[in-house]
Amino acid sequence: MEAFKLMRELKTNFEQESIYLPREKGLNLLETTLENDKQISAKCRDAKVEDLWSLTSFFGYSTQTFVQAVNLLDRFLAMMKIQPKHLSCIAISCLHIAAKLVEEECNISSSHDLIRISQCKFTISDLNRMEKIISEKLNFQCKAVTAFTFLHLYHEITLLHTSERKPHLSLDKLEVQLKACLCRIVFSKAKPSVLALALLAQEIEAIQSVDMLEISQCIQRHLKIADGELLYWRELVAKCMTDYSSPECSKPDNKKLVWILSRRTAQNLHSSYYSVPELPTIPEGGWDESASEDSCEDMSCGEDSLSSDTEVPCSPPSFHQRTSVPHSQDDSTHLGAACHF
Amino acid sequence: MSSAATTPPSVDKVDGFSRKSVRKAKQKRSQSSSQFRSQGKPIELTPLPLLKDVPGGEQPELFLQKLQQCCTLFDFMDTLSDLKMKEYKRSTLNELVDYVTVSRGYLTEQTYPEVVKMVSYNIFRTLPPSESNEFDPEEDEPTLEASWPHLQLVYEFFIRFLESQEFQPSIAKKYIDQKFVLQLLELFDSEDPRERDYLKTVLHRIYGKFLGLRAFIRKQINNIFLRFVYETEHFNGVAELLEILGSIINGFALPLKAEHKQFLVKVLIPLHMVRSLSLFHAQLAYCIVQFLEKDPVLTEPVIRGLLKFWPKTCSQKEVMFLGELEEILDVIEPTQFVKVQELLFKQISRCVSSPHFQVAERALYYWNNEYIMSLIEENSSVILPIMFSSLYRISKEHWNPAIVALVYNVLKAFMEMNSVLFDELTATYKSDRQREKKKEEEREELWKMLEDLELKRGLRNDGIIPT
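Since the model is a prediction, treat every value here as computed from it, not as a measurement.

**Re the overall build of chain B**
In step 1: A tally of regular secondary structure across chain B gives 20 helices and three strands.
In step 2: Split into buried and exposed, the 467 residues of chain B put 52% on the buried side.
In step 3: Of all intrachain contacts in chain B linking residues separated by at least 6 positions in sequence, the fraction that spans at least 24 positions is 75%.
In step 4: Surface exposure of chain B reaches about 22800 Å², of which carbon and sulfur atoms provide 53%.

**Examining the nonpolar core**
Residues and elements named next belong to chain B.
In step 1: Of all hydrophobic cores here, the largest spans 226 residues; its most connected members are I206, F225, L268, W367 and F414.
In step 2: In this structure, F414 is in contact with W367, I376, I383, L384, M387, L391 and F422, ignoring residues within four places of it in sequence.
In step 3: In this structure, L45, F74, F76 and A146 belong to the second largest nonpolar core, which totals seven residues.

**Regarding the environment of F210 of chain B**
Residues and elements named next belong to chain B.
In step 1: Inspection of the secondary structure assignment puts F210 in the loop between α8 (193–209) and α9 (211–232).
In step 2: In this structure the C-alpha to C-alpha distance between F210 and K346, which are 136 residues apart in sequence, comes to 47 Å.
In step 3: With sequence-adjacent residues up to four places away left out, F210 is seen in contact with L162, F167, P169, A172, K173 and I176.

**Let's talk about the pattern of salt bridges**
Pairs can form between side chains of opposite charge whenever their charged atoms are close.
In step 1: Per the counting criterion, the structure on display carries 30 salt bridges over all chains.
In step 2: Of the charged contacts in the structure, one is a salt bridge between K100 of chain A and E131 of chain A, with a shortest N-O distance of 2.8 Å. One end of the pair, K100 of chain A, is in helix α5 (residues 87–102); the other, E131 of chain A, is in helix α7 (residues 124–137), with 31 residues separating them in the sequence.
In step 3: On the accessibility criterion, K100 of chain A (45% relative accessible area) is partly exposed.
In step 4: A salt bridge links E300 of chain B to R304 of chain B; its shortest N-O distance comes to 3.1 Å. One end of the pair, E300 of chain B, and the other, R304 of chain B, are both in helix α13 (residues 299–308), four residues apart, so they sit about a helical turn from each other.

**Section: unusual backbone geometry**
Phi is mostly negative for residues that are not glycine, and the peptide bonds are mostly trans.
In step 1: Note that the residue after L254 of chain B, namely P255 of chain B, is joined by a cis bond; omega there is -5 degrees.
In step 2: Backbone geometry places Q119 of chain A, a non-glycine residue, at a positive phi of 55 degrees.
In step 3: Structurally, Q119 of chain A can be placed in the loop between α6 (111–117) and α7.
In step 4: In this structure, F140 of chain A is a non-glycine residue whose phi angle is positive, near 60 degrees.
In step 5: Along the chain, the position of F140 of chain A falls in the loop between α7 and α8 (147–161).
In step 6: By relative accessible area, which is 60% here, F140 of chain A ends up exposed.

**Overview of a negative patch on the surface**
In step 1: Judged by side-chain charge, E436, E440, E441, E442, E444 and E445 of chain B come together as a negatively charged surface patch.
In step 2: Its location among the elements puts E441 of chain B in helix α20 (residues 419–460).

**Topic: helix α14 (residues 315–331) of chain B**
In step 1: Along its 17 residues, α14 of chain B runs 25 Å from first to last C-alpha, staying within 8% of the 24 Å computed at 1.5 Å per residue.
In step 2: Where burial is concerned, most of α14 of chain B is hidden: 13 out of the 17 residues are buried.

**What about the packing of aromatic side chains?**
Residues and elements named next belong to chain B.
In step 1: In the structure shown here, the tally under the stated rule is 33 aromatic pairs over all chains.
In step 2: Aromatic pair F345 and W367: ring centres 6.3 Å apart, planes at 80 degrees, arrangement edge-to-face. Residue F345 is found in helix α15 (residues 334–352), and its partner W367 is found in the loop between α16 (357–364) and α17 (370–378); the two are separated by 22 residues along the sequence. Per residue, the accessibility class of F345 equals that of W367, and both read buried.
In step 3: Where F357 meets W399, the ring centres are 6.5 Å apart and the plane angle is 80 degrees; that geometry is what we call edge-to-face. Highlighted residues: F357 in helix α16 and W399 in the loop between α18 (380–397) and α19 (401–417), separated in sequence by 42 residues.
In step 4: Through a chain of ring-to-ring contacts, three or more aromatic side chains come together here, namely Y112, F124, F157, F158, F161, F167, F180 and F210.
In step 5: If you follow K117 out to its NZ or CZ, it ends over the ring of Y121, 6.0 Å from the centre.
In step 6: Stacked on the ring of Y392, the Lys or Arg K396 has its end atom at 4.8 Å from the ring centre.

Parameters at a glance
Residues numbered from 1 in each chain as written. Chains lettered and ligands numbered in written order. Predicted model: local features only at pLDDT ≥ 70, side-chain atom pairs only at ≥ 80, totals over all residues. Heavy atoms only, no water. Helix = DSSP H or I, 4+ residues; strand = E, 2+ residues; numbered from the N terminus. Buried < 20%, exposed > 50% of the residue type's maximum accessible area, 1.4 Å probe, protein only. Contact = heavy atoms within 4.5 Å. Areas by Shrake-Rupley, 256 points an atom, 1.4 Å probe, with all protein chains shown as cover. Core = buried A, V, L, I, M, F, W, Y, C linked by side-chain atoms within 4.5 Å. Salt bridge = Lys/Arg side-chain N within 4 Å of Asp/Glu carboxyl O. Patch = residues over 30% accessible without salt bridge, like charges linked within 9 Å, V, L, I, M, F, W, Y side chains within 5 Å. Lys, Arg positive; Asp, Glu negative; His and termini not counted. Charge placed at Lys NZ, Arg CZ, Asp CG, Glu CD. Expected span 1.5 Å × (residues − 1). Phe/Tyr/Trp six-rings, centres within 6.5 Å; stacked < 30°, edge-to-face > 60°. Lys NZ or Arg CZ within 6 Å of the ring centre and 35° of its normal.

Keep in mind that these numbers describe shape and distance, not what the molecule does.
Printed below as a string of structure tokens:
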């Protein structure tokens, strides 16, 4: 009785989820703080979570690692007063703890790599200390029940009750949407079960499956989630998704990333072709100069192969030429007139 | 300068290989010269009064006499001969240089042929062959011209003469003609960089002033380059000629003539093929970029040409190409960029995954260029899929940690540019990899099954291995 097992698992997780919720007061404080040197603001936290997402992608960690890391981060930030200069260390520590919880041993990147790639300024011992502190403060309840857990359960349940020929409910897509939501602190205030359900409902609406809609409503009733609450979070999710998929890309802030080059390459960059040429420009043309009649005779002998145009002048130079350089009056003596550099 | 034969040092082998410098010292011959003179008879020149000591009216005549005297050539191979006369010629030449710079009214019709004659006598000569076939322009010291004390002054004099306010090309062109120019161009093969530098200035001035010679000069330079690229791969003056061409290209009138476009495609681009590219790459890149600034429509053929000749085995050249490409991209128009972006980024994607870390590093550094980034941003939906798989793969597999760190910067930039596409590509990449893994595992299984089958068959036949 697969369905029964799933429902029971759902209930168990539902009962536990409040343990792992970050303190609402703490989150509110973050949201209302303005950006300054002494305190972390919501914007800081959001930017840091985005960095964690990049690192997760880069190291090939799973979505679950990311979600766990964000959960640890939020819980920690909600209970402690943190100085902004420590935020990097805390975030990377959370990621490392999460990776150790979720990933296979062989896939976990070393602390050294974490620090090097994220271009952070602290040391490995700092990282280790911070990990200990975080684990202690969270009473070693590190592996949390998160929206990720619920998302998977909901997805399994939905698939169980629908036939395969129906429109496909993509778990990958849901995971990505979850990641996008977690980059905004407001969603950390939601109960994971509700957030996951909001995401599910949103996606089901998008693919327009009546069957799945029924199932999601079923789940909602089973967990006794209020309509109002669900609606509230669905609206926020919808708005987040619109922003996320908008074609306007946020311009990458290259200034934050450091480009460290080897000495040889750096040297080669500087010896570029801008070794300023000393020779002044020689403007082309002058066929309409007074000297051109004489040049006519000289031109006739050398001009066979390469000049394929019919420009060999023996006709009166009456055509108009556009020059890109100010045409010097007397080509023959004043050479330096058009020197640019 | 002749060098006496050196006694070979006692240890001339290190690690079993003879040192190159030692080999060279043993083989060093004296510089030869094609200007043979009869030995023995010392040269006698009657010293003439200084020009400044003579009344104005007599100066032109004296000037001509001094020019005549300077047609006498001295043997610099023999360091001890005719020292007094060599000094006399040197000071005369010096005097002539000053005279030409400041004087007025000395340039009569008679002076032109004498000047050209004196210059021709001094500079036109068959250049000696280079020391050895192994002369590597990038590494070895060039052989300097022995008669430089005189030669330099002759060049200096000629340049001042050409630049003089009274200089009239209409008269001069009777004497500075195609034959003169041809001989001048041959001198560009001189090993002495100082001489080439002067020649560069001389030719530049001649090109500027003699409109009638321009087409001829361009054609001859083409021939030199084509011979260089396709026949000999030896010519010492490529960089200097390219510098002159740079100033010519800069002055091209718009619209560009077909002749010039042909030159770009048939001569300048093939120049990239040559082994000794590093000696003149800066000047070549400058010419290319100037062309593109004149006529942006040429961008596509240029980039296609570069990609066609992209070095496959020489990493040093690859780094140069990447530098040049960045300079081209710095000035590219967005519409042109769109035409070439797919081809371009396929090559960049290959460079980025190169095991040679300098190549990879140089390619990755493109993402630090603001203008290139803006172009990539606008076209991220096309470029990202091309770059993605190699970037992702090397983030896991490259041996060099510095490269991996740079890749992170690039990937992060892409993530921020177009998150939705990035996620799609990540998902596709992962599922592709999983599929590959599955196939590999299936293949392994198949082989194992076959092995087992063979063993079973073998056992059934009482250990006789079936054929």
